[in-house]
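# Report on the structure
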Number of protein chains: 2
Amino acid sequence: MAPPSSQACAAVERSIRERVPPLLTDLYQFTMAYAYWRAGRHNEPAVFELFFRDNPFGGGFSLFSGLLDCLLFLRSFRFSDEDLEYLRSVLPPATDPAFFVFLRELDCSNVTVRSAPEGTVVFARVPLMEVSGPLAVVQLLETSLLCLVNYASLVCSNAARFRMAAGSRRKLLEMGLRRAQGPDGGLTASRYAYIGGFDLTSNVQAGFLFGVPVAGTMAHSYVTSFSSLEEVWPHTLMTANGDHESIDLISLTKGWLRLVCELLGAEPGKIREGELAAFLSYAVAYPHNFLPVIDSYSVSCSGLLNFCAVALSLFELDYRPLGVRLDSGDLCRQSVEVRRVFRLCSERFSIPAFHSLTIVGTNNISEHGMAELNLKENEIDVVGVGTHLVTCTRQPSLGCVYKLVEVRGSPRMKFSEDPEKSTVPGRKAIYRMLDTEGEEATSNIGWKLKMLVFQFGLDHWISQPMCSTAETREKVQHSIQNLHPRYKRLEEPDTYTVSIIE
Amino acid sequence: MAPPSSQACAAVERSIRERVPPLLTDLYQFTMAYAYWRAGRHNEPAVFELFFRDNPFGGGFSLFSGLLDCLLFLRSFRFSDEDLEYLRSVLPPATDPAFFVFLRELDCSNVTVRSAPEGTVVFARVPLMEVSGPLAVVQLLETSLLCLVNYASLVCSNAARFRMAAGSRRKLLEMGLRRAQGPDGGLTASRYAYIGGFDLTSNVQAGFLFGVPVAGTMAHSYVTSFSSLEEVWPHTLMTANGDHESIDLISLTKGWLRLVCELLGAEPGKIREGELAAFLSYAVAYPHNFLPVIDSYSVSCSGLLNFCAVALSLFELDYRPLGVRLDSGDLCRQSVEVRRVFRLCSERFSIPAFHSLTIVGTNNISEHGMAELNLKENEIDVVGVGTHLVTCTRQPSLGCVYKLVEVRGSPRMKFSEDPEKSTVPGRKAIYRMLDTEGEEATSNIGWKLKMLVFQFGLDHWISQPMCSTAETREKVQHSIQNLHPRYKRLEEPDTYTVSIIE
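Not measured: the values here are computed from a predicted model.

What counts and how
- Residues numbered from 1 in each chain as written.
- Chains lettered and ligands numbered in written order.
- Predicted model: local features only at pLDDT ≥ 70, side-chain atom pairs only at ≥ 80, totals over all residues.
- Heavy atoms only, no water.
- Helix = DSSP H or I, 4+ residues; strand = E, 2+ residues; numbered from the N terminus.
- Expected span 1.5 Å × (residues − 1).
- Buried < 20%, exposed > 50% of the residue type's maximum accessible area, 1.4 Å probe, protein only.
- UniProt positions renumbered as here; feature names shortened; annotations may be inferred.
- Least-squares fit on C-alpha atoms with pLDDT ≥ 70 in both.
- Contact = heavy atoms within 4.5 Å.
- Buried area = accessible area lost by both parts, 1.4 Å probe.
- Salt bridge = Lys/Arg side-chain N within 4 Å of Asp/Glu carboxyl O.
- Polar contact = N/O pair within 3.5 Å; in protein donor to acceptor, adjacent residues only side chain to side chain.
- Nonpolar A, V, L, I, M, F, W, Y, C, P; charged D, E, K, R; others polar.
- Core = buried A, V, L, I, M, F, W, Y, C linked by side-chain atoms within 4.5 Å.
- Domains from an automatic or database assignment.

### Observations concerning helix H8 (residues 182-195) of chain A
Each full turn of the α-helix corresponds to 3.6 residues, which orients residues three or four apart in the same direction. Residue and element names in this part refer to chain A. With 14 residues, H8 should cover 20 Å at 1.5 Å per step; its first-to-last C-alpha distance of 20 Å lies within 8% of that length. With 14 of 14 residues buried, H8 is to be regarded as a mostly interior element. Where H8 terminates, the next one or two residues include Gly197, which has phi positive at roughly 130°.

### Here we look at the UniProt feature "domain: Nicotinate phosphoribosyltransferase N-terminal" (unreviewed entry) in chain A
Sites flagged by UniProt as "domain: Nicotinate phosphoribosyltransferase N-terminal" (unreviewed entry) map to residues 23-150 of chain A. Helix makes up 42% of residues 23-150 of chain A and strand 18%, with an end-to-end C-alpha separation of 18 Å.

### Notes on the relation of the copies chain A and chain B
Mapping chain A onto chain B is achieved by rotating through 180° and translating by 0.0 Å along the same axis, at an RMSD of 0.0 Å. Here the copies are linked by what is in effect a two-fold axis. A symmetric contact is evident, with 100% of the interface residues of chain A recurring at the interface of chain B.

### Section: the interface of chain A and chain B
With 114 residues of chain A in contact, the opposing surface of chain B contributes 114 residues. When chain A packs against chain B, the two sides together hide about 9,800 Å² of surface, and 58% of this comes from carbon and sulfur. Taken as a group, A:Arg178, A:Gln181 and A:Tyr286 account for 9% of the area that chain A buries against chain B, more than any other trio of residues on that side. Applying the counting criterion to the chain A and chain B interface returns 9 salt bridges. Of the charged contacts, one joins B:Glu231 and A:Arg412 as a salt bridge, the two residues approaching to 4.0 Å between their closest N and O atoms. Summed over the shared surface of chain A and chain B, the result is 41 residue pairs in polar contact (both at pLDDT 80 or more). If you tally residues by element for the side of chain A that touches chain B, the top one is helix H2 (residues 27-38) of chain A, at 10 residues. Grouping the amino acids of the side of chain A that touches chain B by side-chain chemistry returns 55 nonpolar, 37 polar and 22 charged.

### Quick notes on the environment of A:Phe162
Residues and elements named next belong to chain A. Tracing the backbone through its elements, the reader meets Phe162 in helix H7 (residues 142-166). For the pair Phe162 and Met370, spaced 208 residues apart in the sequence, the C-alpha separation amounts to 6.9 Å. Among residues more than four places away in sequence, those in contact with Phe162 are Leu172, Phe198, Ile365, Ser366, Glu367, Met370, Val385, His388 and Leu389.

### Thoughts on the nonpolar core
Within soluble globular proteins, side chains that are nonpolar tend to cluster in buried spots. Within the largest apolar cluster, 344 residues are counted, with the highest numbers of intra-cluster contacts made by A:Leu103, A:Phe307, A:Phe354, B:Leu103, B:Phe307 and B:Phe354. Each of domain 1 (6-156 + 400-431 + 448-463) and domain 2 (164-390) of chain B gives at least three residues to this core. In this structure, A:Phe354 is in contact with A:Phe307, A:Cys308, A:Ala311, A:Leu312, A:Phe315, A:Phe342, A:Cys345 and A:Ser346, ignoring residues within four places of it in sequence.

Dropping the structure here:
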């Protein structure tokens, strides 16, 4: 894994400007800003709070993510002439032209953000961010901030649940780019799934921009693109230490294949030659990184036998093959069978390492399916998750809201026809009660949850230094560890008590 | 509504390059491309098909969308030196440096796309796109094409279902930006929800880039930011034709409020002064565009009364207020009550237009909730939909796949441990049987579904001219109209028969 380059860091910031221009918001933010401006109220000091109403996925907590993107967005918040020209065409004709002059000069230099740290455990109805500043400006920021926090926090929380369901032993690979809400949804998913506890991503751009470790070897199309051993070229390979002349890998593997068939009592006639050609060709290209997908035709009649034969050849040449990937059918049952065959090969051919080759499973795995892996016998070492992780099938929206709580120093609230939509007026200080061990405390000797304070200025940006993606990931795991297990149960957790005191 | 500017069109194309760089793909595309290259197979002619396995949302069809973005992506597909430097750091060290020289020179000049037209009705297991060209290149394109088609087609199909559920009379407003998978998810949702049959979006950037009509007036925060009538400034308004001096809108409205309370037998003591101030202030700013949200406190005790009083003042000054928005509680019941009060005001004060003011409903509406609007008594004219539309809660992924069907002119297929994951080998020509009326035909006298053919060249781009967003929207409605109603039922539709003939 390479750390992100400085170009990559600059690219993140540049991409926020491209991805979140100030027009990427709801029209009513502008009509409201105009009405404030028209009434001379646009500079009144106002405070909004960003929070969600229910912990996602029926869980006991959530993780807060997206802060860094929010800060980059605030820093770059400026209207271009082109933006204003378009706005002029869609706002009502009654709009005073001087309003656009006002917008042209707006930025977030008078906006202050108080926020929970990125990647910390948070709870329903507790403010995650407090945004204060001139009424018209902080109103205009609503939709963009919600858009940047909502999905990032949701997918990070979802990833943390997959992590808890998987246990700490198994490696988790995120591979949902093709099923996400377009390119940016996929990129956000890869970034925050890693922060939430995944180990790897298939998404190369996420590696490039955020330093997430990337992984992947081959798809079925690679396997099915081969039809005969004649397509294997070159078919020779040097030993790993390079001190012998090239060996003919095809003849070597044919010999091993006969032995494997004998050992397992398999029918050589059912073995796919194209699959063997694909495996050999990949092994010649990447002898140190051999991990083929073995279910393009049949695992037990072809894929597993071909794998064993090529892997045995690689071992003979002093390479260390990595393992196999299973992508369909009953992954648990198959993984047990695969491990049994690995053990037989290990014993029969006296190669201890053959026993512990890696088995990767990828087949539309849900959180529930992940939890089941701990109950059913299986030998899966790495699990790849796509659709259910990135689309958060169980609850595809966190439902964060951004509510006005104070104007000119006096509290504000909304009542609503739905009681649960009413808001708690006034600014809040957030405390979390922990004992000296960092466990949830039952007494009143409390510890205040630290809030970061960011101040935006035209030419300066006062803040705690921002964490790297990997550092944030560490913080997430630490923050989850400090939470009592009773709030972390995946199903029916205890409710963490959040109280309001004056 | 302003048409998108030429700057906006250029911005769409530029944004594809920013949003879908060639690294936004799975790592295994590169390891496979390397293995093809190493074996000298990278230029073998290959054909992939992009299709989905089941119609989404339990429906009988889907809409195909995302083609334009795919074409822009293919046109701009080039690796930068920075991309290659990163790739070098993550591919296995065994990778031959000459491979990066090969990648540096790659583009899609030898790639051909045959595709269903953007915005047409399509069915499960029928190829939507056929991508042919050099094996290594068409393999590298997989993830990006899937990412661009999957969500666009899903949200477009979802929008079409909301449209069918709503009937043609009601206007539909998309407002899901804050709940989408980040900025691009929100933008894609706004664009394709419109194409799928929505009328309006709240997303200003979608208006700017794609010419989608935008709408919106105010949120609860605007209402709750006011606490007294002293905040209304200016509080005078000229008549609409401007031929009288300014009238004091506060006194005028207070008079109307007394009459409204009398008419309805309401208690003036329960009326929120801050809410009235917010409505007055907005009416002064936008007297032609008065459509407040009336449930910040209580619809029947405050919001509706304040609205009627301000609206009556506006009518008196020859303006035409637009209506109200309801955002919580039982929208159907409240809309009936609101319409009853509109009728009473209309009759009592002899203003016929008061009866038919617009009622907008927005409260977490699902497709099911939309369909219920046709069964329950209600007076809702415009429905705003956010979360359930953009996250496609009922099925958050379409599950498109991209499968190799031919190499060097010979067919390819995959078997898989899951029978439904097996593929049909070889290239297909797609026909759709329609009779002369354009209805689904039962006889064999068929009509061939037209496929567009795109050819990419370095300096030329041969294609049918691309449609604007509005034109594609028209095509979608036309395509849906031609489909027999039995395939369009929202629940348990007939299965459209797709057969394979040789």
